[in-house]
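A structural walkthrough
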Amino acid sequence: MKIRHLFIANRGEIAVRILRTAQQLGIETTLGVSDADLDAVPARLADHCVRIGPAAAAHSYLDIGAVIRAAGTAAADALHPGYGFLSENPALASACEAAGLVFVGPTAATLEAVGDKLRAREHAAAAGVPVLPGAAVASLGECEPLLRTLGFPVLVKAVGGGGGRGLRRVDSPAQLVAQLELAISEANAAFGDPRVYLERYVAGGRHIEVQLLGDETDVVHLGTRDCSVQRRYQKVIEEAPAPGLSAGLEQRLTEAAVALGRRLRYRGAGTVEFLVDAERDAFYFLEVNARIQVEHAVTEMVSGVDLIAEQLAIASGSPLRLTQAQLSIRGHALECRINAEDVDHGLRPSPGRVGRALFPAGAGIRVDTHIEGGSMVPAFYDSLLAKIIAHAADRSGALDRMAAALACCDISGVAVNTALHARILADPEFRRGAVDTGYLQRLLASGRAPARTATG
Amino acid sequence: MLTHEDIEEILRLLDATPLDELELQTEHFKLTLRRSPAGRGWTQERQTRGEPNMLGAGTPPVASAAGPTASAAAPAPAGLNGALEIRSPLVGSFYRAPKPGAAPFVEVGTLVSADTVVAIIETMKLMNSVHAGVAGRVVEICIDDGGVVEQHQVLMRLAPPET
């Protein structure tokens, strides 16, 4: 079925990103907006807007009934959930089906299978993808035999978690009881599911993921991304392709992701995340992200594929439009997440009204943003203001292009983390490539000479 | 909406000219491209024009819709005789307990010291602990659980500790 009118159940930069492709394709657009976003840039760019509720996300962007009613008011024929919020909620996919709306994403059954981290692990293992030693625990008694195999430190993960939330590292047996209890109550509060599991903790690992597209029959991959530059499990800089992988390891990663995608009969755009132990040439399954991701832009830059357009084509019933042989990776791309955070005060969130917003422009530079001079950055949602993306023929060119682009970035009114990015880009360890997930925390703790800071 | 490819194309043309600035205006947007003062590359500044086109009634507004209210923004009235105030370090949502259903950190009458956690302010999905900052006995909790507060807004009042 051809999509004529798309309802966007999201906000911020991803709402702008989806609007851009939909408008290029001649698809009419309606955006669901909360009271905090009535006057935001995405609301001005959409053909129509429907109010979905108050500012608090629980009563607007997370309210399935309100979202479905708004899509009905718009008489839309399809719904794009973006990322975060309800994007991986099987109940939204089912509600769309019941309301006669095309859900731009995987089937509800796939969302259920990969949203439960234990079931996702089982699928990965069945597809021949290595998983870390670990298992579910229902009681402390069950932990003891398991911990004899796993050792310390060990990660406690929420079965309903994901996206870096619901994780706790336990370093010693003395901490176990308290940490386990905290993890269970947190998992229950955050995900409505108290189940947790233990998994071996790998130090010095890299976070590498593979972008997939599937049409329930076939699956192709669009190469790797490296998202190891993280703070509190949240990604800060991403790049494509992952640097410094042996050709053999890269091939095994992409093959493993495709094998899992095929087993799930995956539909739409998705990502398989891995923990990579490059020194031992080994990798382990982490999770499947059954949605478009924040960092999809770096893959678009190196593959030349508009992933939102492919999502819409697949949702409208088209088979994959590209074969694996037609896909190739050109050059290298980096993405810096510009957040409303105060670098001088421990990256404290900094909501408020933007004064002016000057972004870089030029060859190989792309900026995905939802803010401009005068925009209000509400305290109700995440702090992502913009993604600066730099593409060049090789990694060194992309690093230089990004450093110059950051120097052109000047945002007033709210504090932004541009200086942190400049510092990372100037750091020899990051420039060499292949840093691990502990890198950023070490850099912040080391007090290693900050780079000459960018403007602002 | 212009894409980054469109802007690259425009800048390729501009780069061959001595021009330092270009302003493009349509009914939908204003885009200003400038050579950056550093002499390396260009900056872009956008303004989206036009008003949102609201459809239907949607979900009716809720009277208590979360959002800064007039009273929230008003300056805090003078405290009780000799009262001490605990103010919000950030704009955000005010929570009295560590998680839904749990016991509140403090009640009226609780004795606190400077480092006692008295509340949580959720800002941009991050939970920030609020410390009392001073010692005293809680005499008033000024905000309902889940209410929205401005930075520096008074959250609680304390009586000085009995000497």
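Residues numbered from 1 in each chain as written. Chains lettered and ligands numbered in written order. Predicted model: local features only at pLDDT ≥ 70, side-chain atom pairs only at ≥ 80, totals over all residues. Heavy atoms only, no water.

What follows concerns the nonpolar core. In globular proteins that are soluble, nonpolar side chains generally tend to be buried together. All names here are of chain A. Counting residues in hydrophobic clusters, the biggest one holds 89 residues, and the most contacted among them are L6, F7, L79, L92, L253 and F274. The element that contributes the greatest number of residues to this core is helix 3 (residues 64–74), accounting for seven residues. Apart from the residues lying within four places of it in its own chain, the contact partners of F7 are T30, L31, G32, I52, V67, A70, A71, A74, A76, A78, L79 and H80. V236, C336, L347 and L440 belong to the second-largest nonpolar core, a separate cluster that totals 38 residues. (Core = buried A, V, L, I, M, F, W, Y, C linked by side-chain atoms within 4.5 Å. Buried < 20%, exposed > 50% of the residue type's maximum accessible area, 1.4 Å probe, protein only. Helix = DSSP H or I, 4+ residues; strand = E, 2+ residues; numbered from the N terminus. Contact = heavy atoms within 4.5 Å.)

Before going further, it helps to spend a moment on helix 4 (residues 90–98) of chain A. Residue and element names in this part refer to chain A. Every buried residue of helix 4 is accounted for by P90, L92, A93 and C96. Looking straight down helix 4, one finds its buried side chains confined to an arc of 165 degrees; they lie on one side. For helix 4, the secondary structure elements touched by its buried residues are helix 3, strand 4 (78–80), strand 5 (102–103) and helix 5 (108–115). A side-chain oxygen of the first residue of helix 4 lies 2.8 Å from the backbone nitrogen of A91; this N-cap is N89. Following helix 4 by one or two positions, G100 adopts a phi angle in the positive range, close to 75 degrees. (Arc of directions from axis to C-beta. Polar contact = N/O pair within 3.5 Å; in protein donor to acceptor, adjacent residues only side chain to side chain.)

Attention now goes to the packing of helix 12 (residues 395–407) of chain A against helix 13 (residues 418–426) of chain A. Between two packed helices, the angle of one axis relative to the other and the distance separating the axes together describe the packing. Residues and elements named next belong to chain A. For the pair helix 12 and helix 13, interaxial distance at closest approach is 10 Å and the crossing angle is 150 degrees. On the basis of the axis angle, helix 12 is roughly antiparallel to helix 13. Of the two elements, helix 12 crosses helix 13, and the hand of that crossing is left-handed. Contacts between helix 12 and helix 13 involve L399, M402, A403 and L406 on the former and, on the latter, T418, H421, A422 and L425. (Axes fitted to C-alpha atoms, helices over the stretch in contact; angles between N-to-C directions. Parallel < 35°, antiparallel > 145°, perpendicular 65-115°, else oblique. Left-handed = near helix turned anticlockwise from the far one by under 90°.)

All names here are of chain B. The sheet built from four strands is open, its strands ordered 8-7-5-10 with antiparallel pairing. Two strands lie at the open edges of the sheet, namely strand 8 (126–131) and strand 10 (148–149), each paired on one side alone. Relative to strand 10, strand 5 (residues 92–95) runs antiparallel, the two being bridged by two bridges. Within the sheet, the bridge partner assigned to G92 lies in strand 10 and is V149. (Pairing = 2+ DSSP bridges.)

On to helix 7 (residues 140–150) of chain A, then. All names here are of chain A. The set of residues buried in helix 7 consists of C143, L146, L147 and L150. The arc enclosing the buried residues of helix 7, seen along the axis, measures out at 110 degrees, which places them on a common side. Across helix 7 from its buried face, at more than 90 degrees, point the exposed residues G141, E144, R148 and T149. Tucked inside the fold, the buried residues of helix 7 contact strand 6 (134–137), strand 7 (154–162), helix 8 (173–191) and strand 9 (196–200).

Let us look at the packing of aromatic side chains. Residue and element names in this part refer to chain A. This model, assessed by the stated rule, comprises six aromatic pairs over all chains. The structure contains a cluster of three or more aromatic residues connected by ring pairs, namely Y61, F85, F380 and Y381. Sitting above the plane of the Y201 ring, R169 keeps its charged end 4.7 Å from the centroid. Here R395 stacks its cationic end above the ring of F430, 5.1 Å away from the centre of that ring. (Phe/Tyr/Trp six-rings, centres within 6.5 Å; stacked < 30°, edge-to-face > 60°. Lys NZ or Arg CZ within 6 Å of the ring centre and 35° of its normal.)

With that settled, consider the sheet that holds strand 10 (residues 206–215) of chain A. Residue and element names in this part refer to chain A. Strand order in the open sheet formed by eight strands is 14-13-10-11-12-15-22-20, and the pairing between neighbours is antiparallel. The sheet is open, and its two borders are formed by strand 14 (282–289) and strand 20 (365–369), each paired with just one other strand. The average angle at which neighbouring strand axes cross in this sheet is 25 degrees, direction not considered. By the bridge criterion, seven bridges tie strand 13 (residues 267–277) to strand 14 in an arrangement that is antiparallel. Bridge pairing links T271 to N289 in strand 14. Across the sheet, helix 15 (residues 439–446) lies against strand 11 (219–231) and strand 12 (234–240), angled at about 25 degrees from strand 11, the strand it touches most.

Moving on, we come to the state of the cysteines. Per the stated rule, a full pass over the model turns up zero disulfides over all chains. Between C409 of chain A, a free cysteine, and C408 of chain A, which holds the nearest cysteine sulfur, the sulfur-to-sulfur gap is 8.5 Å. (Disulfide = S-S within 2.5 Å.)

A word on the confidence of the model for chain B. Residues and elements named next belong to chain B. With 82% of its residues at a pLDDT of 70 or more, chain B shows a mean pLDDT of 82. Within chain B, no element has a lower average pLDDT than helix 2 (residues 70–73), which sits at 32, and none a higher one than strand 3 (residues 42–48), at 95. Note on residues 62–80: pLDDT is under 50 here. Beyond four places in sequence and across chains, it has 26 contacts. Reported confidences for the modelled complex are a pTM of 0.87 and an ipTM of 0.88. (pLDDT = per-residue confidence, 0-100.)

Residues and elements named next belong to chain A. Taken N-terminus to C-terminus, the directions of helix 3 and helix 4 make an angle of 30 degrees; their axes are 10 Å apart at the nearest point. The handedness of the crossing between helix 3 and helix 4 is right-handed. Of the residues in helix 4, those touching helix 3 at I64, V67 and I68 are A91, L92, A95 and C96.

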